[in-house]
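Examination of the molecular architecture
Chain by chain, the residues:
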Amino acid sequence: MTNQFNVAAIAASTEPLAAVSIFRKSPSPDFRAECAEHDNDSILKYCVMQSVDLDLLYAEFENSGAFAEVLFADQDVPYQIAIATARYSEDDVAGMGNAVVCGATLLLTPCSVDMEYRVEAGVYWFGILIAELKYELPFEQNLSLFSLAENVDHDAAESIASHIISDIQKSRLLSDELRISTLKSSDYFVGLRAPDELGAYSRLSTEIYDHPLSGVKLRYQHTDDRVDRTDVFVYPVRSTTWNESAVLLDMEAENVRSEIALFINETGSSEYIQRDSELWTLEAAGGPRKVLYFEGSYTDPQILDYVTRTYLAIVEDKFVKVRHTSLADSDTRNRTHEFAAAMISAIEVPGESIFMARVRQNWRSQGPLSP
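The shown structure was predicted, so the numbers you read here are calculated from the model rather than taken from an experiment.

1. Looking at the state of the cysteines
- Scanning the entire structure with this criterion turns up one disulfide.
- The disulfide bridge from Cys-35 ends at Cys-47, spanning 1.9 Å between sulfur atoms. On the S-S bond that ties Cys-35 to Cys-47, the torsion sits near -115°, and the link is left-handed. One end of the pair, Cys-35, is in helix α1 (residues 29-41); the other, Cys-47, is in strand β3 (residues 45-49), with twelve residues separating them in the sequence. For the residue pair Cys-35 and Cys-47, the accessibility class agrees, reading buried in each case.

2. A few points about the layout of surface pockets
- Counted as a void, the largest pocket has a volume near 860 Å³.
- Along the wall of the largest pocket there are 34 residues; nearest its centre are Arg-219, Asp-231, Phe-233, Arg-323 and Thr-325.
- If you list the elements that add at least two residues to the lining of the largest pocket, you get β11 (229-236), α7 (245-266), β15 (305-315) and β16 (318-327).
- What the second largest pocket holds in volume is close to 450 Å³.

3. Regarding the packing of helix α2 (residues 54-64) against helix α4 (residues 152-171)
- The N-to-C vectors of α2 and α4 enclose an angle of 55°; their axes lie 8 Å apart at closest approach. Here α2 lies oblique to α4, going by the angle between them. Every pair of crossing elements has a handedness; the one defined by α2 and α4 is right-handed. Every residue of α4 that contacts α2 at Leu-56, Leu-57, Glu-60, Phe-61 and Ser-64 is listed here: Asp-153, His-154, Ala-157, Glu-158, Ile-160, Ala-161, Ile-164 and Ile-165.
- Of the residues contributing to the contact of α2 with α4, the split by class is eight nonpolar, two polar and three charged.

4. Brief notes about the pattern of salt bridges
- For the structure on display, the rule yields 19 salt bridges.
- The shortest N-O distance in the salt bridge between Asp-317 and Arg-360 comes to 2.8 Å. With Asp-317 in the loop between β15 and β16 and Arg-360 in helix α9 (residues 354-366), this residue pair connects regions lying 43 residues apart in the sequence.
- You can call Arg-360 buried: its relative accessible area is 0%.

5. Quick look at a negative patch on the surface
- On the surface, a cluster of negative charge is made up of Asp-30, Glu-34, Glu-37 and Glu-136.
- Sorting elements by how many residues they give to the negative patch places α1 first, with three residues.
- On the accessibility criterion, Glu-34 (40% relative accessible area) is partly exposed.

6. Here we look at the side chain of Lys-25
- Mapped onto the elements of the fold, Lys-25 is located in the loop between β2 (20-24) and α1.
- The class for Lys-25 is buried, based on a relative accessible area of 11%.

7. So, empty space enclosed by the protein
- Evaluated as defined, the whole model comprises one cavity of 30 Å³ or more.
- Here the largest cavity defines a volume of roughly 80 Å³.
- In terms of lining, the largest cavity is formed by 14 residues, of which the most central are Ser-185, Ser-186, Tyr-188, His-211 and Pro-212.

8. What to know about the packing of aromatic side chains
- A complete count under the given rule lists twelve aromatic pairs for this structure.
- Site record: aromatic cluster; members linked through ring pairs are Phe-5, Tyr-117 and Phe-139.
- Cation over ring: Arg-257 sits above Phe-294, and NZ or CZ is 4.3 Å from the ring centre.
- One Lys or Arg, Lys-321, reaches over the ring of Phe-233 and ends 4.6 Å from the middle of that ring.

Parameters and conventions
Residues numbered from 1 in each chain as written. Predicted model: local features only at pLDDT ≥ 70, side-chain atom pairs only at ≥ 80, totals over all residues. Heavy atoms only, no water. Disulfide = S-S within 2.5 Å. Helix = DSSP H or I, 4+ residues; strand = E, 2+ residues; numbered from the N terminus. Buried < 20%, exposed > 50% of the residue type's maximum accessible area, 1.4 Å probe, protein only. 1 Å grid on protein atoms, 1.4 Å probe; cavity = no way out; pocket = protein on both sides within 12 Å on 5 of 7 lines; lining within 4 Å. Points joined across faces, edges and corners; volume = space filled by probe spheres on them. Axes fitted to C-alpha atoms, helices over the stretch in contact; angles between N-to-C directions. Parallel < 35°, antiparallel > 145°, perpendicular 65-115°, else oblique. Left-handed = near helix turned anticlockwise from the far one by under 90°. Contact = heavy atoms within 4.5 Å. Nonpolar A, V, L, I, M, F, W, Y, C, P; charged D, E, K, R; others polar. Salt bridge = Lys/Arg side-chain N within 4 Å of Asp/Glu carboxyl O. Patch = residues over 30% accessible without salt bridge, like charges linked within 9 Å, V, L, I, M, F, W, Y side chains within 5 Å. Areas by Shrake-Rupley, 256 points an atom, 1.4 Å probe, with all protein chains shown as cover. Lys, Arg positive; Asp, Glu negative; His and termini not counted. Charge placed at Lys NZ, Arg CZ, Asp CG, Glu CD. Phe/Tyr/Trp six-rings, centres within 6.5 Å; stacked < 30°, edge-to-face > 60°. Lys NZ or Arg CZ within 6 Å of the ring centre and 35° of its normal.

What follows is the structure in structure tokens.
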């Protein structure tokens, strides 16, 4: 005699889903009220809230192998799964008689108890609801002298986790496309227009970051020089307006310099030496574009000298940042200038998204004034 319950099929995949963190969900008022109504309806009816331990659910998600990583109640993980459970059961004459016989025969006669697990789960991205999942899962507990080791809570956790994971896979709830659609953030898949080929450079990869404020990174590689790679970043201007572009470019340049200095410090390289910035004006299809150019240098632990070049512009409500790093004695300065100028002149980016419009409105209403 073993417990009888349903396990949903989990698809095997060579590429795991994004990392997730598992949380206990606070039951909605309706979910809690339904449980209380069932429990109060009769002395023969029972409902127990949060009946399945979160540790067991976490273990099932981790053991599924469906995710790149599964963490326990970690707020820093972008995708979060919160789960609330309730166990429903009801005594009847037949069941009570079975229990009496089962006890009288010291479990030689099996006991059977019918239950139902109701589940309310939410899939979140940084606390924003992506999808809500609800289940009513039948469960038959069987107990006999030969099945004392059967663990009801463990089996219930397996059933619950399998259904959540299966629906996440089928509905692609952790996909970039669904997140963009739900949040109404900039759709770089559709709205970004950047050349695949630009002069002697070819696009090597495109990476859309999890957080809308981080945007997208395009990597280009020189066709004749495999070590010559240039990164292009597109991400929203973190300001309520972006009209005073020269001021915002200077502010963002300081952020970029700090990022570079931190990276160099973490790698054990010598101190980052900054050089003065230059403000250019480029002609583009939509009119002139200001570009702030600056460079710096450092020496790595192997005593190799490097120079970094950064080009910053504002297109629509986005920063466009071109970044290039090379050995100081390599002859790449002119071609990097040409690539950056051509890219910033040609690139087209999505306009202000609903997500960023809401964020900026929140900044306007709650934060200090900014340029």
